Amino acid sequence: MQEVKSPKKPLIFYYCIVLLLLLLFNALVTPRLMERQVQEVDYGTFMAMTEKKEIGLVEVQEQENQIVFTDKDKTAVYKTGMMPDPNLTERLYAAGAEFSGEIVEQASPLLSALLSWVLPIAVFIGLGQLLNRQMMKSMGGPNSMMFGMGKSNAKVYVKSSEGIRFSDVAGEDEAKENLSEIVDYLHDPGKYQEIGAAMPKGILLVGPPGTGKTMLAKAVAGESNVPFFSMSGSEFVEMFVGMGASKVRDLFRQAKEKAPCIVFIDEIDAIGKKRDSRMGGNDEREQTLNQLLTEMDGFEGNNGVVILAATNRPESLDPALTRPGRFDRRVPVELPDLKGREDILKVHARKIKAAEDVDFEKIARMASGASGAELANIVNEAALRAVRDGRRFAAQADFEESIEVVIAGYQKKNAILTDQEKWAVAYHEIGHALVAARQTHSAPVQKITIIPRTSGALGYTMQVEEGNHYLMTKEELENKIATLTGGRAAEEVRFGAVSTGAANDIEQATKLARAMVTRYGMSGDFDMVALETVTDPYLGGDSSLACSPETQAEVDRQVVELVKKQHAKALDILQNDRPMLDKLAKTLYEKETITGEEFMAILNG
Ligand code: ADP
Ligand code: ZN
């Protein structure tokens, strides 16, 4: 798509203009001052001129050990060295000379430059900053338009044949189906107007980062063949109060002119956060939000402007935004499932040269939990890897390695582990894998490596989910916790000592156990009572407790209990399987990377 961006004029632009004017002024004025060259004369001449009362201005410069003076009509400037002359001042006074500091400026080029150039600039910048701060503080309003910076810098995507289509967005079938109604409407608004049906004014695309929300919005524009205006919520919140509101106004003015069209507001949570009554709330954001609401209320549902907005924290949005008549339709854009991941990989693999026999399903399986953006990145990394190796096609191995690169960071080939550390990591990782393999419901191991990653992980076990899991049983969750504790358990079994290597496992195990108790109703004592509510389901899932302090203490106790039990189970599994643990750890120590097949081969003898 062709992108025409209207020019943005930031503050620096205005500084530059004033600076240029200053330079011009100086260029015009300075030469004339410089023409008045200082003429050096001897002391005798100076005395003679004093005698003849021919001195105009005079300046005694003790430090430079010189006297600077002019003639009677102050046209010529002279200077002379100083002599010990106690009565000089009286004689000059008697001769009618004026004592002045003015000449000095001309006589000292450095000082003159300082005063005529640097000072005004410094003053100007200082003033500017003062003004800036003042405006930030003020309630804003019309004066922020003083510099005319309220113009929206919305990117306008002019319709063009190479626009993004629904077919470019893989997976996300539900979202596409939902949005195809909008496409139909934009194609033929008359059909809807006839029957009196109004389109939803605003549609909220909700989902984790990188799942294709922006792509979908562009695809709606591409499919409907209408202009696409896009702006990010954070762009609205600029440095001047009142700017955001005027940008919103401007954006909608442009959109109405170009209707039918799509207006896309990315990261709408940046402006649409719940308004709070706390002291010194963000006035700028509130003004912007209010303006947006006003604009949305101001036009009819069938004037051809469709507003799409994206967010990954819908629950933080101000309720005013999601009321009927505003963003009242919500389209979930979730992380892709196995089939979705495979399709996304294929869509992006079309853009690179991949070998014929690449098994995308296998790659998709390995990349469980990856977003569309991460999958696109994996494909690109694979192509880069092929180029680095001087090959003309990206092969299966390139893709598999890329998953690790994207998910776990680049291989840190030169990281130095002591021999003992390497053994510890080998046992730790095998511990995870062995515990997982010995529990029937745990996912089998895909690959285990003890090559350190830049992400900080010293090794890792890649598990593969079999098909899609939407529901997990209590037993599966418990097994997962046991697997997480398996790393530490192996260290204990082999070395009788523990290391810091399990920090991440501990965190994950705790999270799971906590969720089982507080949200999944899996501890008999609390039955089906929700003790926690999740506030940010798409961003790691921050949660807040909703129970009494006593219950909280009980929750903590149960969480510890749960993890302890699984840890004991893992220890038990490994102790009973000690020879296998040693054998596998030794293989991993020697080879540094073993695949799932190799692992299973050793396990099954
Ligand atoms: P979001 O707006 O949800 O954060 P984007 O739409 O900006 O995500 O996606 C970023 C990139 O990830 C896209 O440019 C595209 O290359 C890739 N991508 C994400 N989701 C998909 C998808 N469903 N199909 C194809 N590519 C995708
Ligand atoms: Zn671990």
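Up top is the structure these notes are about.
Note that the structure is a prediction, hence the values are computed from the model and not measured.

*Asks:* Quick question: what am I supposed to make of the overall build of the protein chain here?
*Replies:* Across its full length, the protein chain holds 22 helices and 17 strands. Residues classed as buried in the protein chain amount to 44% of the 605 residues present. Partitioning the intrachain contacts of the protein chain with sequence separation of at least 6 by distance along the chain shows that 74% fall at a separation of at least 24. Surface accessibility of the protein chain: about 31500 Å² in total, with carbon and sulfur atoms responsible for 55%.

*Asks:* Is there a simple way to explain the coordination of the zinc ion (ligand 2) in this structure?
*Replies:* Tetrahedral coordination by four donors puts the ideal angle at the metal at 109.5 degrees, and octahedral coordination by six puts it at 90 or 180 degrees. Looking at the zinc ion (ligand 2), the protein donor atoms are H428 (NE2), H432 (NE2), D505 (OD) and D505 (OD), and they sit 2.0 to 2.8 Å from it. Geometry at the zinc ion (ligand 2) is irregular, judged from the four donor atoms that bind it and their angles of 52 to 146 degrees at the metal. Mapped onto the sequence, the residues coordinating the zinc ion (ligand 2) show the spacing H-x3-H-x72-D. A residue pair is termed long-range when its members are at least 10 positions apart, and H432 in helix 17 (residues 419-438) and D505 in helix 19 (residues 503-518) qualify at 73 residues.

*Asks:* Just to check I follow, could you spell out the packing of helix 21 (residues 578-591) against helix 22 (residues 596-603) for this structure?
*Replies:* When two helices pack together, their arrangement is given by the angle between the helix axes and the distance between those axes. Between helix 21 and helix 22, the least distance of the axes is 10 Å, while the angle of their chain directions is 145 degrees. Crossing angle aside, the handedness with which helix 21 passes helix 22 is right-handed. For the pair helix 21 and helix 22, the contacting residues are M580, K583, L584, T587 and K591 in the first and E598, F599, I602 and L603 in the second. Here the residues of the contact of helix 21 with helix 22 are counted per class, giving five nonpolar, one polar and three charged.

*Asks:* Help me understand the site of ligand 1, please; the structure alone is not making it clear to me.
*Replies:* Around ligand 1 lies a shell of 15 residues, among which A170, G210, K213, T214 and H348 are the nearest. A distance of 2.9 Å separates an oxygen atom of ligand 1 from a polar backbone atom of K213. Within the complex, the protein chains bury 79% of what would otherwise be the 570 Å² of accessible surface of ligand 1.

*Asks:* Before we go on, may I ask you to explain the packing of aromatic side chains in this structure?
*Replies:* The relation between two aromatic rings is expressed through the spacing of the ring centres and the mutual angle of the planes. Under the definition given, this model contains nine aromatic pairs. Measuring from centroid to centroid gives 5.6 Å for Y43 and F46, while their planes differ by 50 degrees, and the two rings are tilted. Of this pair, Y43 and F46 both sit in helix 2 (residues 43-51), three residues apart, roughly one helical turn. Relative accessible area serves as the criterion here: at 11%, Y43 is assigned to the buried category. Take F46: its relative accessible area is 0%, and that puts it in the buried class. Taken together, a centroid distance of 5.7 Å and an interplanar angle of 75 degrees make the contact between Y427 and F495 edge-to-face. Here the residue Y427 occupies a position in helix 17, and F495 occupies one in helix 18 (residues 474-495), the gap between them amounting to 68 residues. You can call Y427 buried: its relative accessible area is 4%. In this structure an aromatic cluster arises from ring pairing among Y43, F46, F69 and Y78. Between the NZ or CZ atom of K422 and the centre of the ring of Y589, over which it lies, the distance is 4.7 Å.

*Asks:* Explain the environment of P200 to me, please; I cannot follow it from the model alone.
*Replies:* Structurally, P200 can be placed in the loop between helix 7 (189-195) and strand 8 (202-206). Sequence-wise, P200 and F327 are 127 residues apart; in three dimensions their C-alpha atoms are separated by 7.5 Å.

*Asks:* Explain the pattern of salt bridges to me, please; I cannot follow it from the model alone.
*Replies:* One side chain can pair with another of opposite charge once the charged atoms of both are near each other. Inspection of every chain in the model, using the stated rule, returns 24 salt bridges. For the salt bridge of D343 with K339, the shortest nitrogen-to-oxygen distance reads 3.1 Å. Placement of both D343 and K339 in helix 13 (residues 338-349) is noted, with a separation of four residues, approximately one turn of the helix. Here the salt bridges share partners, and the residues they tie into one network are R385, D389, R391 and D398.

*Asks:* What is the right way to look at a negative patch on the surface in this model?
*Replies:* Together, D173, E174, E177 and E334 give the surface a local cluster of negative charge. You can see E177 is positioned in helix 6 (residues 173-187). The exposure class of E177 is exposed, given its relative accessible area of 63%.

*Asks:* I tried to follow the pairing of strand 5 (residues 77-81) on my own but got confused; where do I start?
*Replies:* Two faces, one strand: in a regular strand the side chains alternate between the faces of the sheet. The sheet contact formed by strand 2 (residues 38-40) and strand 5 spans three bridges and is parallel. Bridge pairing in strand 5 places V38 opposite V77.

*Asks:* Looking at this model, I keep getting lost on the side chain of Q66. Mind explaining?
*Replies:* Assignment of secondary structure puts Q66 in strand 4 (residues 66-71). The contact partners of Q66, leaving out residues within four places of it in the chain, are E59, V60, Q61, K79, T80, G81 and M82.

Quick notes on the rules
Residues take numbers from 1 onward in each chain, read along the sequence in its written order. Going through the entries in the order they are written, you letter the chains from A and number the ligands from 1. The predicted nature of this model means local features are confined to residues of pLDDT at least 70 and side-chain atom pairs, given and counted, to a pLDDT of 80 or more, with totals for whole chains, interfaces and linings taken over all residues. Side-chain metrics rest on all non-hydrogen atoms present in the structure, leaving aside hydrogens and water. Helix numbers and strand numbers start at the N terminus; a helix is a DSSP run of H or I with at least 4 residues, a strand a run of E with at least 2. Residue exposure (1.4 Å probe, protein chains only): buried if accessible area is under 20% of the type maximum, exposed if over 50%, otherwise partly exposed. The criterion used for residue contact is that any of the two residues' heavy atoms lie within 4.5 Å. Every accessible area reported is derived by Shrake-Rupley at a probe size of 1.4 Å, with residue values counting cover from the shown protein chains alone. Excluding water, the donors of a metal are its N, O and S neighbours within 2.8 Å, or within 3.2 Å for Na, K and Ca, and that exclusion means sites may look incomplete. A site with four donors is called tetrahedral when every donor-metal-donor angle falls between 85 and 135 degrees; four donors are called square planar, and six octahedral, when opposite donors sit more than 155 degrees apart and all other angles fall between 65 and 115; any other arrangement is irregular. To define axes, lines are fitted to C-alpha atoms, for helices over the stretch in contact only, and angles between the resulting N-to-C directions are given on a 0 to 180 degree scale. If you view the pair so one helix is near and one far, a crossing is left-handed when the near helix is turned anticlockwise from the far one by less than a right angle, and right-handed when it is turned clockwise. Residue classes follow a fixed rule: Ala, Val, Leu, Ile, Met, Phe, Trp, Tyr, Cys and Pro count as nonpolar, while Asp, Glu, Lys and Arg count as charged, and any other residue, Gly among them, counts as polar. The near set for a molecule or strand comprises every residue that places at least one heavy atom within 4 Å of it. Between N or O atoms, a polar contact is any pair within 3.5 Å; within protein, one atom must be a potential hydrogen donor and the other a potential acceptor, and residues adjacent in sequence are included only when both atoms are from side chains. Here a Phe, Tyr or Trp ring, Trp counted by its six-membered ring, pairs with any other such ring whose centre lies within 6.5 Å, and the pair is stacked when the planes are under 30 degrees apart, edge-to-face when over 60, and tilted otherwise. Geometrically, a lysine NZ or arginine CZ counts as sitting over a ring once it is within 6 Å of the ring centre and also within 35 degrees of the ring normal. By definition, a salt bridge exists where a carboxyl oxygen of Asp or Glu is found within 4 Å of a side-chain nitrogen of Lys or Arg. Only residues whose relative accessible area exceeds 30% and that form no salt bridge are eligible for patches; like-charged ones are grouped when within 9 Å, while nonpolar side chains (Val, Leu, Ile, Met, Phe, Trp, Tyr) are grouped when within 5 Å. Charge convention: Lys and Arg are scored as positive, Asp and Glu as negative, and His as well as the terminal groups of each chain are ignored. Charge positions come from single atoms, namely NZ of Lys, CZ of Arg, CG of Asp or CD of Glu. Note on pairing: two strands pair once DSSP finds at least 2 bridges between them.

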